[in-house]
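Close look at the chain arrangement
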Number of protein chains: 2
Amino acid sequence: MDQVEIFKALSNKTRLQILNWLKQPAENFPEQPNADFENVGVCVGQIQNKAGLSQSTISEYLSILQRADLVCATRVGQWTYYKRNKEGLEKLSEIINTEL
Amino acid sequence: MDQVEIFKALSNKTRLQILNWLKQPAENFPEQPNADFENVGVCVGQIQNKAGLSQSTISEYLSILQRADLVCATRVGQWTYYKRNKEGLEKLSEIINTEL
DNA sequence: TTGGTATATCGGGAAAAGTCGATATACATT
DNA sequence: AATGTATATCGACTTTTCCCGATATACCAA
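Here's a quick rundown of the structure.

Here is what the cut-offs are and how they apply
- Residues numbered from 1 in each chain as written.
- Chains lettered and ligands numbered in written order.
- Predicted model: local features only at pLDDT ≥ 70, side-chain atom pairs only at ≥ 80, totals over all residues.
- Heavy atoms only, no water.
- Near = heavy atom within 4 Å.
- Polar contact = N/O pair within 3.5 Å; in protein donor to acceptor, adjacent residues only side chain to side chain.
- Helix = DSSP H or I, 4+ residues; strand = E, 2+ residues; numbered from the N terminus.
- Nonpolar A, V, L, I, M, F, W, Y, C, P; charged D, E, K, R; others polar.
- Core = buried A, V, L, I, M, F, W, Y, C linked by side-chain atoms within 4.5 Å.
- Buried < 20%, exposed > 50% of the residue type's maximum accessible area, 1.4 Å probe, protein only.
- Contact = heavy atoms within 4.5 Å.
- Buried area = accessible area lost by both parts, 1.4 Å probe.
- Salt bridge = Lys/Arg side-chain N within 4 Å of Asp/Glu carboxyl O.
- Axes fitted to C-alpha atoms, helices over the stretch in contact; angles between N-to-C directions.
- Parallel < 35°, antiparallel > 145°, perpendicular 65-115°, else oblique.
- Pairing = 2+ DSSP bridges.

What to know about the protein's contact with DNA strand D
- If you check the shell around DNA strand D, you find 22 residues, and the closest are Gly 45 and Ser 56 of chain A together with Ser 54, Ser 56 and Tyr 61 of chain B.
- Considering DNA strand D, the proportion of its atoms within 4 Å of the protein that are sugar or phosphate atoms stands at 61%.
- At 2.9 Å, a side-chain N or O of Ser 59 of chain A approaches a phosphate oxygen of DNA strand D.
- At 2.9 Å, a side-chain N or O of Lys 8 of chain B approaches a phosphate oxygen of DNA strand D.
- When contributions to the surface near DNA strand D are tallied by element, the ones reaching two or more residues are helix H4 (44–51), helix H5 (55–67) and strand E3 (79–84) of chain A together with helix H5 (55–67) of chain B.
- If one sorts the elements of the surface near DNA strand D by residue count, H5 of chain B sits on top with four residues.
- In the surface near DNA strand D, the residues fall into six nonpolar, 13 polar and three charged.

Encoded structure:
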């Protein structure tokens, strides 16, 4: 993954917020019926509600974050759940500590 | 400093390279006559030579990095020397570890 | 004070990102 | 099969970023 793409993904207020919300899903989102936050993450609709931008925008933002390995997605039925990508975030931390 | 501005500053290949070069000036730049890399940093002209972009572009890039607290500048005579801003970089590392 | 060098700022054209509404796709339910 | 819901993709428009050349500013040397 290109480093520049990682930082571009983070260069947007809403995307930073999403990542921050996903750090503590239980604190930031209402209970989900059939899915555990810790296992699968939070579905697109909940993130969209919280962010207040259009569905298409949030869907695209999530795929930008995913391409940067900052979140990962799981499809379950008609829902796609997103959660933090721990490995990607650790790698980012390492980049900053070793290369910058 | 706005977090988004920090990540925007890092969302560019050349600016990332500059920061990386400044981590080990002695390895990345030829000797400077009247200035110690460790004390004041590297002057704009040297960075421009290495980056291969126009003088105006590099000057602007450096001020973008400075506004993001990623480098700091010292003017000495007709030269401006730039070096890493250790505090800003530590703060960035902290943001990633605690908020994302 | 005149000229030379280093850096900063300005103005602009091309490319990329932000954001939307409309539409497509995928799946579930009846 | 038909409808409804969740998400993804497309097309368009606006704003921002990239990067340049030209010009301004600051400082130094003769």
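Structural notes on the nonpolar core
- With 58 residues, the main nonpolar core has Leu 10, Ile 47 and Leu 70 of chain A together with Leu 10, Ile 47 and Leu 70 of chain B as its most contacted residues.
- The residues touching Ile 47 of chain B, leaving out its near neighbours within four places in the chain, are Ile 18, Trp 21, Leu 22, Phe 29, Val 42, Ile 58, Leu 62 and Tyr 82 of chain B.

Quick look at the interface of chain A and chain B
- Contacts between the two partners involve 21 residues from chain A and, on the opposite side, 21 residues from chain B.
- Interface area, chain A with chain B, both sides summed: about 1,800 Å², of which 65% is carbon and sulfur.
- Area buried by chain A at its contact with chain B is led by Phe 7, Leu 16 and Leu 100 of chain A, which between them contribute 32% of it.
- Along the contact surface separating chain A from chain B lie zero salt bridges.

Considerations on the packing of helix H6 (residues 86–99) of chain A against helix H6 (residues 86–99) of chain B
- Orientation of H6 of chain A relative to H6 of chain B, taken along the N-to-C sense of each, is 175°, at an axis distance of 10 Å. Judged on the interaxial angle alone, H6 of chain B and H6 of chain A are roughly antiparallel. Facing H6 of chain A, whose interface residues are Leu 89, Leu 92, Ser 93, Ile 96 and Asn 97 of chain A, H6 of chain B presents Leu 89, Leu 92, Ser 93, Ile 96 and Asn 97 of chain B.
- Here the residues of the contact of H6 of chain A with H6 of chain B sort into six nonpolar, four polar and no charged.

Notes on unusual backbone geometry
- If you check the backbone angles, Asp 69 of chain A has positive phi at about 60° while not being a glycine.
- Turning to its location among the elements, Asp 69 of chain A is positioned in the loop between H5 and strand E2 (71–76).

Notes on the sheet that holds strand E3 (residues 79–84) of chain B
Residue and element names in this part refer to chain B.
- In space, the three strands of this open sheet follow the order E1-E3-E2, with antiparallel pairing throughout. Every interior strand has two partners, whereas the edge strands, strand E1 (42–43) and strand E2 (71–76), have only one.
- As judged from the six bridges shared by E2 and E3, these two strands associate in the antiparallel manner. By the bridge assignment, Ala 73 is partnered in E3 with Tyr 82.

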